[in-house]
Amino acid sequence: EIRGTRHKTGFTLVELLLALAITAILLTAVALAFNASVINYRENEDIFKAINSARQSLFRITSQLRTATAVDPAAPANECSMITAAGEDITYRYDNTARVLSLITNDNATDDDYVLCSNVNSVTFTKDVFVEDAVTKVKGVQIVISVASDGVEKKLAAAAVVRRNLH
């Protein structure tokens, strides 16, 4: 008979503490990776919303410019004023203090301005003008919008030709 030998079953306290420490390190790494993924997703979603809003604004502006009856050639670079095909007197204006691009209905001064796009760093309307019968008219407009979210800045550009002023 062998008396001094016993078969150990189970883990020692040191082995359990070591396993617990390794598990804690792995769970911390997984939690940090998940948190970084959530933060990245939110930042991407914010810039996507800003870009999508700017694209929709560009589409709306260019659609109305193409069918406009008249476009004001003397409007400043941050504005584009026009008479639409439906006869509405409207202005698209960039406000650099509020960082928004707005639609202003000039026919009705009592209504609120409609914000088309926010998180805007700059908007430039470059008008291509010509003179016909001593009247300056706008042939086309180039639009550049710069939007930003969480330090990420994207520029979008579009152009429209006023079809009524084509030669």
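Refer to the preceding data block for the structure.
All values reported here derive from a predicted model rather than from experimental measurement. (Residues numbered from 1 in each chain as written. Predicted model: local features only at pLDDT ≥ 70, side-chain atom pairs only at ≥ 80, totals over all residues. Heavy atoms only, no water.)

S.K.: Could you clarify how one ought to interpret the sheet that holds strand β5 (residues 114–118) in this entry?
M.R.: Within a sheet, each strand pairs with its neighbour through backbone hydrogen bonds, oriented either parallel or antiparallel. Sheet architecture is open: 5 strands sit in the order β1-β2-β3-β4-β5, paired in antiparallel fashion. Of all the strands in the sheet, just β1 (70–71) and β5 have a single pairing partner and so form its edges. Strand direction decides the pairing type here: strand β3 (residues 89–95) and strand β4 (residues 100–105), joined by 6 bridges, are antiparallel. Residue pairing for β4: Tyr 94 is matched across the bridge by Leu 101. Taken strand by strand, helix α1 (residues 13–66) contacts β1, β2 (79–83), β3, β4 and β5, and its axis lies near 130° from that of β5. (Pairing = 2+ DSSP bridges. Helix = DSSP H or I, 4+ residues; strand = E, 2+ residues; numbered from the N terminus. Contact = heavy atoms within 4.5 Å. Axes fitted to C-alpha atoms, helices over the stretch in contact; angles between N-to-C directions.)

S.K.: I tried to follow the nonpolar core on my own but got confused; where do I start?
M.R.: When a protein is soluble and globular, its nonpolar side chains tend to lie buried together. Judged by nonpolar contacts, the single largest core of 29 residues is most densely connected at Leu 65, Val 71, Leu 101, Phe 125, Ile 143, Ile 145 and Val 147. Residue assignment for this core shows that the elements contributing at least two residues are α1, β2, β3, β4, β5, β6 (120–132), β7 (135–149) and β8 (152–161). Per-element accounting of this core gives the leading share, 7 residues, to α1. Among residues more than four places away in sequence, those in contact with Leu 101 are Ser 57, Ile 61, Arg 93, Tyr 94, Tyr 114, Val 115, Leu 116, Cys 117, Val 120, Val 123, Phe 125 and Ile 145. (Core = buried A, V, L, I, M, F, W, Y, C linked by side-chain atoms within 4.5 Å. Buried < 20%, exposed > 50% of the residue type's maximum accessible area, 1.4 Å probe, protein only.)

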